[in-house]
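Notes for the structure review
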Amino acid sequence: MEFRPIISAMRRNKVGAILIAVQMAITLAILCNALFLIEQRVAWSQRPTGTDEANVVVIENQWVGNPPDLGARMQGDLAALRSLPGVQDATSSNTYPLSGGGSTTGLSLQPDQKNATALGSIYFGDEHAIGAFGLKLIAGRNFNSDEVVDKVGYTDLKPPAAIIVTRALAEKLFPNGNAVGQSIYEESLKGQIPIVGVVDRMQVPWVGAGGWGSKFAESSLIVPFHFLSSYPTYYIVHSQPGQAATVMQAAQKKLFDISRARVIEKALTLTTARTEAYKDDKGLVVILAVVCASLLAVTSFGIVGLTSYWVAQRRRQIGIRRALGATRNAIIQYFQTENLLIAGAGALIGIALALSLNIWMVNIFAMQRLNTVYALIGAIVVLVLGQAAVLWPALRAASIPPALATRAA
Amino acid sequence: MFRYYVTLGLRSLRRNVILTALMIAAIGVGIGACMTALTVFRAMSGDPIPQKSGQLYVPQIDNWGPDNHSAGAPDHLENQLSYIEVQAFMKAHAAKRQTGMYATLQSLWPADPNQKPTKVFVRAAYTDFFPMFDVPFKYGRAWSASDDENRAPVVVLSREMNDKLFGGANSVGKTIRLDNEPYTISGVLDEWKLLPRFYDLNIRPFGDADTIFMPFTRAIEKQMGNVGSTQCNGDVGPGWEGRLRSDCIWLQFWVELPTEADAQAYRAFLNNYAAEQQKLGRFHWAPHTQLRNVKEWLKYRHIVPSEVRILILVSFGFLLVCLMNAMGLMLAKIMGRASDIGVRRALGASRRAIFSQCLIETGVVGLAGGILGLALTAAGLLAARSLLTKEFVALAHLDMTDTALAVLLAVGATVLAGLYPTWRAAHVQPAWQLKAQ
């Protein structure tokens, strides 16, 4: 294929060619950054919590009228919940994974250490916590029931007798991998706290991308407390597989049968909590996908329109070329090569634009650098799109009869 | 003449329906995407209290020391105050009006004992809260300053809460039961929406508003725990008393300072306070304070999620592509009519006449694109609201400004994009075109 005539023809249509090239460049820049963002958000929203999400039911319970016997009431509720048919285990906690609210503390290896070694998110729970959340204990042991004590509100500062930490937190505190049996210190609680067990995984309650918690997403600890408070507390009920819906209904009914002096603001499975927690991430993914699709459609229609115009403008010249012996294929190839040249230039500008757009996004977001693979994928998509869009006008050009050359215009 | 050009423009648009439709669609889609993002941004970054945003300030003070702040506070200042500071600032009365406040969660007992109790957000504040934030009253009034002093069991209900509990009737003087204790209603608010709820950004700033208000002193006395954020540093004693005497920060505090001089005086007051605390040995560091008004505060707290800004950028890039697209198509369309234009020029039409005719034609396309864009914006907002939470799209809705903005943007951008094709049309050489025939 000869490039020279194509380029000299393009020179006479500079503005059109530049318009298409710049359009393709912007499309490419937006496309690959959007794809990258989509991929990151999808991966982010699929991170496991470490719990048996589909079968864990959360019931938010708040007592009304400040009853004095909160501890006994909670024990009664938990015993009733555990005895319900279809329930594997139950515990109570201050929060749950995907909830978006909770408590964080700094953990240190020495007393009075100036800067904490690791941040961890606190879950209260008794010896049933591992079973109720469906966690996997990978080292050490569960709490003994005599380690579990009442904690009266957030202002009760007694230190726990033992804690269970996640693997991520254990590795952060003790990189040599011997966390069980070691002791740590907590910011406001006095005294050393022994680590008795390690669970494989338990995500912190905050899941906003780039938000609080994203820096220590897997660092959680379970402290053996029954949380007695006028704040809402959460009953965590682990149902037999597939029985979450039934258990959710039965559990609420049971609790109201025991006492009506309570508010149950919500009851949900962790699967539902996941949908709610990642709603914005999913929404962003859908919006970006729609924008990308529309962008590709607009750009390709633009190419079709402008190339059709070029074909119409050059009808006589095409007819002459055909009369002088050019094949249909040669005409098609002409327009495809022309588009390839334009799109190629657009892709080059686009890759540069994509990378600078990404640098800006990295600055305002705590986002990763764009993988160059995405820029290349984007470039290929744009080139293929150009070829596909130019096909129809090119075919129309090829169907111009050579006889046109002999006719007067 | 203008009407003739409009007729000509419409006729020319009708001549190539597909090309015209493509142009209008491109502009419409671009405007739709752009306006959706822009409307959301405007709703989220708007001034919640335009008449007073320059007079309401939030003080910050470093009560932890420069070494004890997390990475989230690079300026060594936190977003809330401790009870110690709030007490001191309230007592000092150094501003025209001031209020410490916090949100708490209480159970509301229904009058009908067969109904289950419900949970309500209660805002504990001083009586200055209401005049400070221009809170409108429908019935009654705020509680008095002596109610603040006496820790009186009084409440102010929001209009929604009054509608729910009393069917919208005047309920002043009646009582409600919060956590089993009776509270007398002193006033009922009228419709009051603040977006974002700037005075406490810790809990859903774009979510549902506070429904019940009670004296701060009463809530403290009844040991009502706070909802939102609590951060502690250093020693904390046990129990509620320990919390009050600690350096834990969990309270919001706002002051009203009508003039710039007042603000300067308050800055000096804050610094003096911090210096005094240093002298007393409570702070082991130099005074570090800050005073920000509403707008500065919203900016400082990054209230608009960065995702919204990304969407704005993406949508403007999209609009640019759509406009370039339309420009290419217009170029094709106008140059396709070069021979027509040549004939008109040969028959005596001036360049100006051709230019204005083409300009009107592009204007019509822009207008049509703008109208389509408006429809798409409405659809886009609807979709965004169903796809995202309130913290992302707030209560974004199209108002007159948005509508005008969309049409103006569409016509302006289209005409701008059409300038080059139009210029080319005006410079068609009549002789060449006639020769080619």
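**Topic: the sheet that holds strand β13 (residues 262-269) of chain A**
Residues and elements named next belong to chain A. Pairing is antiparallel across the open sheet formed by 4 strands, whose spatial order is β2-β12-β1-β13. Unpaired on one side and paired on the other, β2 (87-93) and β13 mark the two borders of the sheet. Strand-to-strand, the axes of this sheet are offset by a mean angle of 20°, without reference to chain direction. Taken together, the 6 bridges between strand β1 (residues 56-63) and strand β12 (residues 233-239) define a ladder with antiparallel strand orientation. Its bridge partner being in β12, Asn 61 is matched across the sheet by Thr 233. Most of the contacts of helix α3 (residues 70-82) go to β2, to which it runs at about 160°, and overall it touches β1, β2 and β12.

**Quick notes on the confidence of the model for chain B**
On average, residues of chain B score 88 in pLDDT, and 98% of them are at 70 or above. Across the predicted assembly, pTM comes out at 0.87 and ipTM at 0.84.

**Let's talk about the interface of chain A and chain B**
With 47 residues of chain A in contact, the opposing surface of chain B contributes 48 residues. Tallying contributions element by element places helix α8 (residues 279-313) of chain A first for the side of chain A that touches chain B, with 17 residues.

**A short note on the pairing of β1 of chain A**
Bridge analysis of β1 of chain A against β13 of chain A gives 6 bridges, and the strand direction is antiparallel. Following the sheet pairing, Ile 59 of chain A is matched in β13 of chain A by Ala 267 of chain A.

**A few points about the packing of helix α13 (residues 351-387) of chain B against helix α15 (residues 400-426) of chain B**
A pair of packed helices can be characterised by two numbers: the angle between their axes and the separation between those axes. Residues and elements named next belong to chain B. In the contact formed by α13 and α15, the axes pass within 7 Å of each other and the chain directions differ by 145°. As for the relative orientation of α13 and α15, their crossing is right-handed in sense. Among the residues forming the contact of α13 with α15, the class breakdown is 14 nonpolar, 11 polar and 1 charged.

**Some details on the environment of Ala 139 of chain A**
Residue and element names in this part refer to chain A. Structurally, the position occupied by Ala 139 is in strand β5 (residues 137-140). Among the residues examined, Ala 139 registers 19 C-beta atoms within 10 Å and is labelled partly exposed. With 18 residues separating them in the primary sequence, Ala 139 and Leu 157 have C-alpha atoms 28 Å apart.

**Points about the pairing of strand β4 (residues 118-124) of chain A**
Residue and element names in this part refer to chain A. Among the 7 residues that make up β4, 6 are buried, leaving the element largely enclosed by the rest of the structure. Taken together, the 5 bridges between strand β3 (residues 103-108) and β4 define a ladder with antiparallel strand orientation. Bridge assignment links Leu 107 to a residue of β4, and that residue is Ala 118. Bridge count for β4 against strand β10 (residues 220-223) is 4 bridges, and the pairing is parallel. Opposite Tyr 123, over in β10, you have Ile 222 as the bridge partner.

**With respect to the packing of α8 of chain A against helix α11 (residues 306-336) of chain B**
As a packed pair, α8 of chain A and α11 of chain B sit with axes 9 Å apart at the nearest point and diverge in direction by 15°. In this view, α8 of chain A runs roughly parallel relative to α11 of chain B, as classed from their interaxial angle. The element α8 of chain A and its partner α11 of chain B pack so that their crossing is left-handed. Between α8 of chain A and α11 of chain B, the residues in contact are Leu 284, Ile 287, Val 291, Leu 295, Val 298, Thr 299, Gly 302, Gly 305, Leu 306, Tyr 309 and Ala 312 of chain A and Glu 307, Leu 311, Val 314, Phe 318, Val 321, Cys 322, Asn 325, Gly 328, Leu 329, Ala 332 and Gly 336 of chain B, respectively.

**Considering the nonpolar core**
In this structure, Leu 28 of chain A together with Cys 322 and Ala 326 of chain B are the most contacted members of the largest nonpolar core, which totals 109 residues. Here this core gets 17 residues from one element, more than from any other, and that element is α11 of chain B. Discounting residues that sit within four places of it in the chain, Ala 326 of chain B has contacts with Met 23, Ala 26, Ile 27, Thr 414 and Ala 417 of chain B. Grouped together as the second largest cluster of nonpolar side chains are 65 residues, Val 58, Met 101, Val 155 and Ile 220 of chain B included.

About the thresholds
- Residues numbered from 1 in each chain as written.
- Chains lettered and ligands numbered in written order.
- Predicted model: local features only at pLDDT ≥ 70, side-chain atom pairs only at ≥ 80, totals over all residues.
- Pairing = 2+ DSSP bridges.
- Helix = DSSP H or I, 4+ residues; strand = E, 2+ residues; numbered from the N terminus.
- Axes fitted to C-alpha atoms, helices over the stretch in contact; angles between N-to-C directions.
- Contact = placed C-beta atoms within 7 Å.
- pLDDT = per-residue confidence, 0-100.
- Left-handed = near helix turned anticlockwise from the far one by under 90°.
- Nonpolar A, V, L, I, M, F, W, Y, C, P; charged D, E, K, R; others polar.
- Buried ≥ 20, exposed ≤ 12 C-beta atoms within 10 Å, placed from the backbone.
- Parallel < 35°, antiparallel > 145°, perpendicular 65-115°, else oblique.
- Core = buried A, V, L, I, M, F, W, Y, C linked by C-beta atoms within 7 Å.

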